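# Residue-level structure breakdown
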Amino acid sequence: MAKEEKLSTAALGRRLTLSTRLVLGAAIIAFVVVITASIVSYIELRKMVFIVAETTLSSQAKTLSNDLEYRLSELANNVRLLAKNSLISNALVDDRGRDVYLKGFLAGFQEVEGFNVKLTMIDFEGVPIAGNGVPTANLAPGAWISEIVEDEKGKAIIVYEGEHAYFIAAEPIIYTNTGTAEGVLVYQVQISEWLRMDRTKRILRENTLVAGLTLETSKADDTTIIARYGTEPEKAPTARVEFLLPKSALGQSIELELKAKPEFIEHPLNQLLQTTGFSGLFLLIFAAGLSVFQVRTQISKLIRLRLETELLTRQGSKNVLFTVEGNDEISDLANSFNGLVKDLHGAYQELEDRSFEKLQKSEKRFSSLVQSQSDLICRFTTDGTITFV
């Protein structure tokens, strides 16, 4: 009996180990599926976030480019209107009056559209004859000035001096008496000053998404950076916008590039991934532990039910009852077995009582038959030995 109990205990341990493995295997498969789904969701979410970031940057880049385009356009319009002023045209031939009335007039054009302007009046031979007093050197190429005089048409160009880029807009000065261009009026501004303007700084400062801004010009395969704000992360959402001005001058164009802060996008996504991963791992461990506990409990009940059934059939004991624990299906089954055993015990007891009653009747009948018999009754073996008389 002890050996059988030992074997039953070993069998119980093997079954519990198998159930644990099955549960853990199912939990691992579920965890792999969840992790795979999470990774796919993370990749798709990252793409979506990048698209949203690029859309936001594009909108912001257009706002900034429109602001710079407007300022450059107003500079060109301002120099165009100023070149048509009679004071300017008369100063081409009025050497004495030029120093009297024109000097003070031009000095009022120190700043236009937020830019510090270098204003220069140049005659048809390319010689500067007046200005607004800004000490910056005139960077307009002589050949380019000659073309404007000959074509009698305004132009714009970007000129580089050291690390700085300058936007130069020039308009021909038409002398009233001859109706021909006799000189050129030139506006010259440093483009990087736009980044130092209050409006631009406020837009960039308030936009927490922007990591850096780059202004650059391109001609053929040559790209030159005009100005830069902030940093230029390599892997970050990017938006590029091409300016409308200046586009006709020497095939050049201005482009504005905005880049987002990687931490603005990556940090929330990484936090989401870590939170999801830790939550999934915790839920996996909790679910696996709970499942193992439940499976072990239920299998223990089933094995105990089997052992009690074997004990009932092997010993034929009327006192064997099935253990009932909890309020689940296995407990209901044990209750049903107890009811069945009770019914069997009742039927067995009834059958035993009937058999005993019939046996008593048979013995009584046999006894009365023997006592009333007048003949001799004996019993003997085959060799003639008498065993009963």
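Notes on the structure in this doc start here. Everything quoted here is computed from the prediction, not taken from an experiment.

## Some details on the overall build of the chain
Counting its secondary structure elements, the chain contains 7 helices and 13 strands. In the chain, buried positions account for 35% of the 389 residues. Across the chain, every contact between residues at least 6 apart in sequence was considered, and the portion connecting residues at least 24 apart equals 60%. Entry remark: accessible area of the chain is about 24,100 Å², with carbon and sulfur atoms responsible for 58%.

## A few points about the nonpolar core
One finds L75, M121, Y187, W194, L213 and L215 to be the most contacted residues of the largest nonpolar core, which totals 54 residues. Here this core takes 12 residues from helix 1 (residues 2-83), the largest share from any one element. Counting 15 residues, the second-largest nonpolar core is a separate cluster that includes W144, I145, V149 and A170.

## Some remarks on helix 4 (residues 142-151)
By the burial criterion, the buried members of helix 4 are W144, I145, I148 and V149. Angularly, the buried residues of helix 4 cover 140° about the axis, an arc narrow enough to put them on a single face. Facing away from the buried surface of helix 4 by more than 90 degrees, the exposed residues are A143 and E150. Just past helix 4, the residue E152 takes up positive phi, approximately 50°.

## Brief notes about the packing of aromatic side chains
Geometry of an aromatic ring pair is reported as the spacing of the ring centres plus the angle between the planes. This model, assessed by the stated rule, comprises 1 aromatic pair. Aromatic pair F105 and F109: ring centres 5.5 Å apart, planes at 70°, arrangement edge-to-face. A residue is classified by how much of its surface remains accessible, and F105, at 26% relative accessible area, is partly exposed. Assessed through its relative accessible area of 18%, F109 is described here as buried.

## Considerations on the pairing of strand 6 (residues 164-174)
Here strand 6 lies mainly inside the structure; 9 of its 11 residues are buried. When strand 5 (residues 155-161) meets strand 6, the two strands line up antiparallel, connected through 7 bridges. Note that in strand 6 the partner of A156 across the bridge is A169. Hairpin geometry of strand 5 and strand 6 is characterised by an intervening segment of 2 residues between the two adjacent antiparallel strands and by a positive phi of about 65° at G162. In this structure, strand 6 lies alongside strand 7 (residues 181-190), joined through 9 bridges in antiparallel fashion. Paired with F167 across the bridge in strand 7 is V189. Taking the residues that link successive antiparallel strands as the turn, the strand 6-strand 7 hairpin has 6 residues, and the phi of G179 there is positive, at about 75°.

## Overview of the sheet that holds strand 5
Read across the open sheet, the 5 strands follow the order 4-3-7-6-5; overall the sheet is antiparallel. The open sheet terminates on both sides in strands that have one partner only, identified here as strand 4 (128-131) and strand 5. Between one strand axis and the next, the sheet turns through 25° on average, direction left out of account. Note that strand 3 (residues 118-123) and strand 7 share 6 bridges and pair antiparallel.

## Observations concerning the environment of G277
Within the secondary structure layout, G277 lies in helix 6 (residues 262-315). It is 9.5 Å that separates the C-alpha atoms of G277 and V34, two residues lying 243 residues apart in sequence.

## Section: the side chain of Q188
Looking at where Q188 falls in the secondary structure, it is placed in strand 7. A relative accessible area of 2% places Q188 in the buried class. A distance of 3.0 Å separates a polar side-chain atom of Q188 from the backbone oxygen of A137. Here L139 takes part through its backbone nitrogen, which lies 2.9 Å from a polar atom of the side chain of Q188. Among residues more than four places away in sequence, those in contact with Q188 are N116, V117, K118, T136, A137, N138, L139, A140, Y166, F167 and I168.

## Points about the pattern of salt bridges
According to the stated counting rule, one finds 6 salt bridges in the structure shown. In this structure, the salt-bridge partner of D151 is K155, at a minimum N-O distance of 3.6 Å. Take K155: its relative accessible area is 27%, and that puts it in the partly exposed class. Where salt bridges share partners, they join D67, R71 and R199 into one cluster.

## What to know about a nonpolar patch on the surface
Among the surface-exposed residues, F282, L283, F286, L290 and F293 lie close enough to one another that they form a single nonpolar patch of about 570 Å² accessible area. Tracing the backbone shows F286 in helix 6.

## Details of helix 5 (residues 198-206)
Taken together, the buried positions of helix 5 are T200, I203 and L204. Relative to the axis of helix 5, the buried residues are bounded by an arc of 90° and lie together on one face. Summarising the geometry of helix 5, the exposed residues directed more than 90 degrees from the buried face are D198, R205 and E206.

## Considerations on the environment of V117
Here V117 is to be found in the loop between strand 2 (115-116) and strand 3. Taking the C-alpha atoms as reference points, V117 and Q188, separated by 71 residues in sequence, lie 5.7 Å from one another. In this structure V117 touches L75, F109, Q110, E111, V112, N132, V134, Y187, Q188 and V189, once residues within four positions along its chain are discounted.

## A word on unusual backbone geometry
One non-glycine residue with positive phi stands out, namely E113, at about 55°. Its place among the elements puts E113 in the loop between strand 1 (111-112) and strand 2. Residue E113 is classed as partly exposed on the basis of its relative accessible area of 27%. Here E152, not a glycine, exhibits a phi torsion of approximately 50°, which is positive.

Rules of the game
Residues numbered from 1 in each chain as written. Predicted model: local features only at pLDDT ≥ 70, side-chain atom pairs only at ≥ 80, totals over all residues. Heavy atoms only, no water. Helix = DSSP H or I, 4+ residues; strand = E, 2+ residues; numbered from the N terminus. Buried < 20%, exposed > 50% of the residue type's maximum accessible area, 1.4 Å probe, protein only. Contact = heavy atoms within 4.5 Å. Areas by Shrake-Rupley, 256 points an atom, 1.4 Å probe, with all protein chains shown as cover. Core = buried A, V, L, I, M, F, W, Y, C linked by side-chain atoms within 4.5 Å. Arc of directions from axis to C-beta. Phe/Tyr/Trp six-rings, centres within 6.5 Å; stacked < 30°, edge-to-face > 60°. Pairing = 2+ DSSP bridges. Axes fitted to C-alpha atoms, helices over the stretch in contact; angles between N-to-C directions. Polar contact = N/O pair within 3.5 Å; in protein donor to acceptor, adjacent residues only side chain to side chain. Salt bridge = Lys/Arg side-chain N within 4 Å of Asp/Glu carboxyl O. Patch = residues over 30% accessible without salt bridge, like charges linked within 9 Å, V, L, I, M, F, W, Y side chains within 5 Å.

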